[in-house]
Amino acid sequence: MMLTHFAVILVTLVLMSIYILGVLRQSLATGENSMLFAKANIIADTVKPCYISPGSPDTAREARHILSGTGIRAIAVNPAYTVVYDSSADASLVGKVLMRDIITTALSGEQASGISRSDGRTVMSVAVPVISDKLEIGAVYLSETVDDIDKTVSYVEMNMLIFSVLISILVGMLSMGVSLAVTSPIDEFIKAAKEISK
């Protein structure tokens, strides 16, 4: 009987933990996605001069200022998928072709996002169209590693595991105490009834 109570409580705590962790992961990813879209739209307005006069130093400086203190990489492409701006000085793709599904979606006038995992890292990417005179003249593609979301969820997961074990032990002890308190008088009644029947 006590084992059944313990199993029900443990299953309930596990299912609750799975749900809470899923909601937490989704909430953190949605917040990060919204922040990336906001930055991408700001950068899309900032880099418009790159399409008119490529290599504009003021545009590059403003985009670097927007991205300062972040691990975000920004790339602007023209409708031919040629990179006209890249925030990475080390591995600049300016002048090269960059094709991604979300860039294609952005060049068709819609915002797009995606999450990919490679080499144990989680990368979130967004792309927004660069619009001038109601025409898509290019797209801005931002990518950022979001390993901190996985770290936060792992930390919460560990704490929930410890909490679940402690709650299970406490509830098991309480169930055993209540079970003994209820069954002790019944055991005494049965013992007394057996003695009377002799």
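It should be emphasised that the depicted structure is a prediction, and the values quoted were computed from it without experimental measurement. (Residues numbered from 1 in each chain as written. Predicted model: local features only at pLDDT ≥ 70, side-chain atom pairs only at ≥ 80, totals over all residues. Heavy atoms only, no water.)

1. A few points about the overall build of the chain
Where we set the bar: Secondary structure follows DSSP: runs of H or I at least 4 residues long count as helices, runs of E at least 2 residues long count as strands, and numbering of each begins at the N terminus. Buried residues are those whose accessible area, probed at 1.4 Å on protein chains only, stays under 20% of the maximum for their type, while exposed residues exceed 50% and partly exposed ones sit between those limits. The criterion used for residue contact is that any of the two residues' heavy atoms lie within 4.5 Å.
Within the chain one finds five helices and five strands. Listed by position from the N terminus, the elements making up the chain come as α-α-α-β-β-α-β-β-β-α. The burial tally for the chain puts 32% of its 198 residues in the buried class. If you take every contact in the chain between residues at least 6 apart in sequence, the share linking residues at least 24 apart comes to 55%.

2. Overview of a nonpolar patch on the surface
Here is the rule we go by: Patch building starts from residues that exceed 30% relative accessible area and form no salt bridge, then joins like charges within 9 Å and nonpolar side chains (Val, Leu, Ile, Met, Phe, Trp, Tyr) within 5 Å. The Shrake-Rupley method, run with a 1.4 Å probe, gives the accessible areas here. Residue values count only the displayed protein chains as cover. In the sections that follow, a salt bridge refers to a side-chain nitrogen of Lys or Arg positioned within 4 Å of a carboxyl oxygen of Asp or Glu.
Taken together, L3, F6, L10, V11, V14, L15 and I18 make up a surface patch of nonpolar side chains, about 660 Å² in accessible area. Within the secondary structure, V14 is located in helix 1 (residues 2-46). Classification of V14 as partly exposed rests on a relative accessible area of 41%.

3. Considering the environment of S154
Mapped onto the fold, S154 is located in helix 5 (residues 147-197). Once the C-alpha coordinates of S154 and R25 are considered, the two residues, 129 residues apart in sequence, prove to be 9.9 Å apart.

4. So, the sheet that holds strand 4 (residues 121-132)
To keep things clear, this is the line we draw: DSSP-based pairing: two strands are paired if at least 2 bridges between them are found. Angles run from 0 to 180 degrees between N-to-C directions of axes, and those axes are lines fitted to C-alpha atoms, restricted for helices to the stretch in contact.
In spatial order, the strands read 2-1-5-4-3; together these five strands make up an open sheet with antiparallel pairing. Strand pairing shows two members of the sheet lacking a second neighbour, strand 2 (83-86) and strand 3 (112-118), which therefore form its edges. Direction aside, the axes of adjacent strands within the sheet are offset by 20° on average. In this sheet, strand 5 (residues 135-145) lies alongside strand 4 in antiparallel orientation, the contact comprising ten bridges. For A127, the partnering residue across the bridge sits in strand 5 and is Y141.

5. Focus: the confidence of the model for the chain
Counted only if it meets this: The predictor's confidence in any single residue is recorded as pLDDT, a number from 0 to 100.
Averaged over the chain, the pLDDT score is 80; the fraction of residues at 70 or greater is 87%. Averaged pLDDT values over the elements of the chain bottom out at 61 in helix 3 (residues 57-67) and peak at 91 in helix 4 (residues 101-107).

6. A short note on the pairing of strand 3
The side chains of a regular strand alternate, residue by residue, between the two faces of the sheet. Where strand 3 meets strand 4, seven bridges bridge the pair, whose relative direction is antiparallel. Pairing of A112 across the sheet is with A127, part of strand 4. Where strand 3 hands over to strand 4, the hairpin turn is made up of two residues, of which D119 adopts a positive phi near 55°.

7. Regarding the side chain of S125
The test is simple: In protein, a polar contact requires one atom able to donate a hydrogen and another able to accept it; more generally it is a pair of N or O atoms within 3.5 Å, and residues adjacent in sequence count only if both atoms are side-chain atoms.
Note that S125 resides in strand 4. By relative accessible area, which is 8% here, S125 ends up buried. At 3.3 Å, the side chain of S125 and the side chain of Y141 are in polar contact. Leaving out residues up to four positions away in the same chain, S125 has contacts with I102, A112, S113, G114, Y141, L142 and S143.

8. Observations concerning the nonpolar core
Rules: Here, nonpolar core means buried Ala, Val, Leu, Ile, Met, Phe, Trp, Tyr and Cys residues that are tied together by side-chain atoms lying within 4.5 Å of each other.
V47, V140 and L142 are the most contacted members of the largest nonpolar core, which totals 23 residues. Among the elements of the structure, helix 1, strand 1 (73-77), strand 2, strand 4, strand 5 and helix 5 are those that each provide at least two residues to this core. With seven residues, the top contributor of residues to this core is helix 1. In this structure, A106, L107, A112 and Y141 belong to the second largest nonpolar core, which totals 13 residues.

9. Regarding the side chain of E144
Stated formally: In summary, the charge assignment counts Lys and Arg as positive and Asp and Glu as negative, without counting His or the chain termini.
Structurally, E144 is set in strand 5. No salt bridge is formed by the buried E144; its nearest oppositely charged neighbour, K39, is found at 8.2 Å. Beyond its immediate sequence surroundings of up to four residues, E144 is in contact with E32, M35, L36, G71, I72, T122, V123 and M124.

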